[in-house]
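# Coordinate inspection notes
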Amino acid sequence: MRVRPRFVIAVGATLVVLAPLAWLQQASLLPGSYSVMDMGVVDTGGAALGHHRHEDGVGRGVDTIVETATDPVVHVELAARKDGDRYTLNGTSPGPEIRVEQGQLVEVRLVNESVPDGATLHWHGVDVPNSADGVAGVTQDAVPVGGSFTYRFLARQVGTFWYHSHQLSHEQVRNGLLGAIVITPPGGVGATDVTALVHIYDGTRTVNGRAGDSPAAVGPGERVRVRVVNTDEGPMPVWVSGSEFRLVAIDGTEVQGPTPVRDVAVLVTAGARADLELVVPPGGARVEMGGSAALVLGAASARTSRPARTLDPLSYGTPADIGFDPAAANRRFDYVIGRRPGFVDGWPGVWWTINGGMFPDVPMFVVAEGDVVRMRIENTSGEVHPMHLHGHHAVVLSHNGVAATGSPWWVDSLDVPDGEMYEVAFRADNPGIWVDHCHNLPHAAEGLMAHLMYEGVTTPYRVGHEAGNTPE
Amino acid sequence: MRTTYRVLAYLIVFLVVVQAAAIAYFIAGLGEWIMGGGVLDAATMESESTFFPGLIGIIIHGMSGTYLIPAVALALLVVAFFAQVPRGVMWAGVLVGLIAVQVALGIAHVPVLALLHGIVALAILVVALIAARAASGAPVGPAARADAVA
Ligand SMILES: [Cu+2]
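Residues numbered from 1 in each chain as written. Chains lettered and ligands numbered in written order. Predicted model: local features only at pLDDT ≥ 70, side-chain atom pairs only at ≥ 80, totals over all residues. Heavy atoms only, no water.

### Considering helix 5 (residues 113-134) of chain B
Residues and elements named next belong to chain B. Let me state the cut-off plainly: Strands here mean DSSP runs of E at least two residues long; helices mean DSSP runs of H or I at least four residues long; both are numbered from the N terminus. Multiply 1.5 Å by the residue count of a helix minus one, and that product is the helix's expected span. Relative accessibility decides the category of a residue: with a 1.4 Å probe and only protein chains considered, values under 20% of the type maximum give buried, values over 50% give exposed, and everything between is partly exposed. Of all possible arcs, the one meant is that of the directions from the helix axis to the C-beta atoms. The contact definition used throughout considers only heavy atoms, calling two residues in contact when any of these lie within 4.5 Å.
For helix 5, which comprises 22 residues, the first-to-last C-alpha distance of 31 Å matches the rise-based estimate of 32 Å (1.5 Å per residue) to within 8%. When we look at burial in helix 5, the residues that qualify are His117, Val120, Ile124, Val127, Ala128, Ala131, Ala132 and Ala134. Along the axis of helix 5, the buried residues cluster in a sector spanning 145°; they form a single face. For helix 5, exposure combined with an orientation more than 90 degrees from the buried face picks out Leu115, Ile119, Leu122 and Arg133. Buried residues in helix 5 make contact with helix 1 (2-35), helix 3 (55-82) and helix 4 (88-106).

### Side note on helix 4 of chain B
For helix 4 of chain B, built from 19 residues, the straight-helix expectation of 27 Å at 1.5 Å per residue is met to within 8% by its first-to-last C-alpha distance of 27 Å. By the burial criterion, the buried members of helix 4 of chain B are Gly88, Trp91, Ala92, Leu95, Ile99, Gln102, Val103 and Leu105 of chain B. With its buried residues spanning 155° around the axis, helix 4 of chain B presents them on a single face. For helix 4 of chain B, the elements touching its buried residues are strand 24 (347-354) of chain A together with helix 1, helix 3 and helix 5 of chain B.

### Overview of empty space enclosed by the protein
All names here are of chain A. Rules: Put plainly, a pocket is an open set of points on a 1 Å grid over the protein atoms alone with protein on both sides within 12 Å along at least five of seven lines, a cavity is a set where a 1.4 Å probe fits but cannot get out, and a lining residue has an atom within 4 Å of a point. Grid points are joined across faces, edges and corners, and a volume is the space filled by probe spheres set on the points.
For the structure shown, the criterion picks out 4 cavities of 30 Å³ or more. Roughly 120 Å³ of internal volume is contained in the largest cavity. Contributing to the lining of the largest cavity are 13 residues, with Ile377, Met387, Leu389, Ala394 and Val424 lying nearest its centre. Mapped onto the lining of the largest cavity, the elements with two or more residues apiece are strand 27 (372-379), strand 28 (385-389), strand 32 (413-416) and strand 33 (421-427).

### Points about the coordination of the copper ion
All names here are of chain A. The condition that has to hold: Coordinating donors are taken as N, O and S atoms within 2.8 Å of the metal, stretched to 3.2 Å for Na, K and Ca; because water is absent from the atoms, sites can appear incomplete.
Within the first shell, the copper ion binds the protein through His385 (ND1), Cys438 (SG) and His443 (ND1), at distances of 2.0 Å. Donor residues for the copper ion sit on one chain with the sequence pattern H-x52-C-x4-H. Assessed through its relative accessible area of 0%, Cys438 is described here as buried.

### As for the interface of chain B and chain A
We apply this condition: Buried area: the accessible area, evaluated with a 1.4 Å probe, that two parts lose upon being put together, summed over both parts. Salt bridges are defined as contacts in which a side-chain nitrogen from Lys or Arg sits within 4 Å of a carboxyl oxygen from Asp or Glu.
Contacts between the two partners involve 23 residues from chain B and, on the opposite side, 36 residues from chain A. A per-residue breakdown of the area chain B buries against chain A is headed by Glu46, Phe81 and Phe82 of chain B, which together make up 23% of the total. Where chain B meets chain A, there are 1 salt bridge. Across the pair Arg205 of chain A and Asp41 of chain B runs a salt bridge, and its minimum N-O distance is 2.8 Å.

### Quick word on the domain arrangement of chain A
Residue and element names in this part refer to chain A. Definition in use: Residue ranges assigned to each domain were obtained from an automatic or database domain assignment.
Once the domains are mapped, chain A shows domain 1 (36-59 + 321-458), domain 2 (65-188) and domain 3 (189-311). Contacts between the two partners involve 24 residues from domain 2 and, on the opposite side, 21 residues from domain 3. Both faces considered, domain 2 and domain 3 share a buried interface measuring about 1700 Å² in area, 54% of it formed by carbon and sulfur atoms. The three residues of domain 2 that bury the most area against domain 3 are Pro94, Thr160 and Trp162, which together make up 32% of that side's buried surface. Note that Asp202 and Arg86 form a salt bridge whose closest N and O atoms lie 3.2 Å from each other.

### Some details on the sheet that holds strand 4 (residues 86-89) of chain A
Residue and element names in this part refer to chain A. Spelled out, the test is: Strand pairing is assigned whenever DSSP detects at least two bridges linking the two strands. With axes taken as lines fitted to C-alpha atoms, and helix axes fitted only over the stretch in contact, angles between N-to-C directions fall between 0 and 180 degrees.
If you walk across this open sheet you meet the 4 strands as 4-3-6-8, and the pairing is mixed. Each having just a single partner strand, strand 4 and strand 8 (148-154) make up the two edges of the open sheet. On average, adjacent strands in this sheet sit at an angle of 20° to one another, irrespective of strand direction. Across 8 bridges, strand 3 (residues 73-83) lies against strand 6 (residues 105-112) in parallel orientation. Note that in strand 6 the partner of His75 across the bridge is Glu107.

### Describing the environment of His199 of chain A
Residues and elements named next belong to chain A. Convention followed: Any N or O atom pair separated by 3.5 Å or less is treated as a polar contact, with the protein-specific requirement of one donor-capable and one acceptor-capable atom, and with residues adjacent in sequence counted only for side-chain atom pairs.
Turning to its location among the elements, His199 is positioned in strand 11 (residues 192-201). For the pair formed by His199 and Pro94, sequence separation is 105 residues and the distance between their alpha carbons is 8.2 Å. For His199, the contacting residues outside a window of four places in its chain are Val173, Arg174, Gly176, Leu178, Thr204, Arg205, Thr206, Thr231 and Asp232. A polar atom in the side chain of His199 sits 3.3 Å from the backbone oxygen of Val173. Separated by 2.6 Å, the side chains of His199 and Thr231 make a polar contact.

### What to know about the layout of surface pockets
Over the atoms, a rolling probe the size of a water molecule traces out where space has been left empty. To keep things clear, this is the line we draw: Residue type decides the class: Asp, Glu, Lys and Arg count as charged, Ala, Val, Leu, Ile, Met, Phe, Trp, Tyr, Cys and Pro as nonpolar, and the leftover types, Gly among them, as polar.
Considered as a void within the structure, the second largest pocket measures approximately 870 Å³ in volume. Along the wall of the second largest pocket there are 29 residues; nearest its centre are Leu21, Pro341, Gly342, Phe343 and Pro348 of chain A. Every element with two or more residues in the lining of the second largest pocket is listed here: helix 1 (5-27), strand 23 (331-344), strand 24 and strand 25 (357-358) of chain A together with helix 3 and helix 4 of chain B. Here the element with the most residues in the lining of the second largest pocket is helix 3 of chain B; it accounts for 6 residues. Split by residue class, the lining of the second largest pocket holds 22 nonpolar, 5 polar and 2 charged.

### Overview of the sheet that holds strand 7 (residues 122-124) of chain A
Residue and element names in this part refer to chain A. Spatially, 4 strands are ordered 5-10-9-7 in an open sheet, and the strand pairing comes out mixed. The sheet is open, and its two borders are formed by strand 5 (98-101) and strand 7, each paired with just one other strand. Averaged over all adjacent pairs, the angle separating strand axes in this sheet is 25°, with direction ignored.

### Notes on the pairing of strand 20 (residues 285-289) of chain A
Residue and element names in this part refer to chain A. The buried fraction of strand 20 amounts to 5 of the 5 residues, a majority that puts the element mostly inside the structure. Neither face of strand 20 is exposed, since Ala285, Val287 and Met289 on one face and Arg286 and Glu288 on the opposite face are all buried. The sheet contact formed by strand 15 (residues 236-241) and strand 20 spans 4 bridges and is antiparallel. Each residue of the ladder has a partner; that of Val238, found in strand 20, is Met289. Across 5 bridges, strand 20 lies against strand 21 (residues 293-297) in antiparallel orientation. Considered in strand 21, the bridge of Ala285 is made with Leu297.

### A word on the pairing of strand 24 of chain A
Residues and elements named next belong to chain A. Among the 8 residues that make up strand 24, 6 are buried, leaving the element largely enclosed by the rest of the structure. Relative to strand 24, strand 23 runs antiparallel, the two being bridged by 8 bridges. Each bridged residue has a counterpart across the sheet, and for Gly342 the counterpart in strand 24 is Gly349. Turn length for the strand 23-strand 24 hairpin, with the two strands adjacent in sequence and antiparallel, is 2 residues, and the turn residue Asp345 shows positive phi of about 50°. Where strand 24 meets strand 25, 2 bridges bridge the pair, whose relative direction is antiparallel. Paired with Ile354 across the two strands is Gly357, which belongs to strand 25. Linking strand 24 to strand 25, which pair antiparallel, is a turn of 2 residues; within it Asn355 sits at a positive phi near 50°.

What follows is the structure, encoded as structure tokens:
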């Protein structure tokens, strides 16, 4: 049989088109399990590379970085279950609110009763010792059905935080494996303390699990602190109908010199918290959660639509000492988010990139304990990203080149819209391996997940389906 | 192979029609939902839950536009190398190019580019129709003549 030249040309042309795609697809496949210590492009932020690698066999395991305080203990048991599509803790979603006083040692035992893929608890915004951070495959193994894990950390900070699973989090958090944790100063906050944990279940926005209007048991003249927690995947505007208010805390840090404002929205990004304080007027007030749910304070009052103005924390409140000098930074990192077509773990798509690399070729930001770190977070990807660094609070230095002039603006979850740039700084004061990712959790699952690695810290845990750990 | 080429080209025509219908369904559903008291913000939009009829429209539009249509266009191009369709490779190549532009416009997040997105959609529809029609005529080329003799 004679092979027709035309056929040969056609086969050749096919190979020219498909072979590069097949090669890219194959090259993108992730191993069945891998260590985050081997993952990513090492970035030392301009400092000399110390011995952060584990090949030399030295280093502290993340599991050994534990809380050293021993009392007084607040012990909580949380039983995780999967019931249909919904995840619950002690039978409810959101799970029970954990309320502790500053200085108490929190001990939470997670028991996985029936979450088939395993579960963990991450303490969002609480700068816990690394072993208690709850990231499956990085700081622990996912807790299998029938297993348990105890988290121990001292409540050093004061403020509004939340907890959620960091195993298959894009699915488990959306479907309810979460709850609030509030740390109060001894003696309370000098106001009636109301938590408003917002979560969307099956398309319906709820406040503390309740759709529509949620009444709070407060009366006129009463001073109220409303702790808004956004547990969803995107930014939510919050505003107050019928009253002025003050933004008294952001992400669990008090704002210095918060002035009263009105007819202005506060943007609470995914994972972030905002504490609003107001005195209930005789006619009542409403804290509007994006306009589709509300906390009703006092008498029933009229809802309002979103104010045109949005409060800018960059210039809100009064400046104060931040405790370190960002100009003396010895590590400078870029976290530039982009997007382009390609393959991630064999799947074609238009995927996120960090500093031009697609997962797993994303940065491994290397620091040493005691460093002062500056990070420039820039978004050129077309969509907003709520960026969340574990284990640390960073202070915002500038936004689109405009320097901060207000109260120190400490964040753990920062809204970075498309086309915008923030510069933040933090002290590397909490050794460990900390993920630094987008808190639109499906985005994290699509590869928008890097990590901060302290020199000399190692992890015995592995990420990947073979290890049973899927932190995103 | 000519038949496969024709079927794939018509499949692109069909999928472009589905794209138009799906996005119209989404816009209509969204409008009705908002007029009925629904409030949309980024957190709700990102919640990945079906909170109004018509939302499925944007999901179909996104999945089909990003994955299915590019895959069919690529298949059409490969088939074109083997099928002796007059200008078959050229039309398939033009389709691959237009669809690449269309995906880029679709994810550009620059609202004014959506105007172009709508116009390029019609161009894809027309070129896919031309390609399908080109594969409907009599075979050409030596292989076709050999087929005819056989
Ligand atoms: Cu994101």
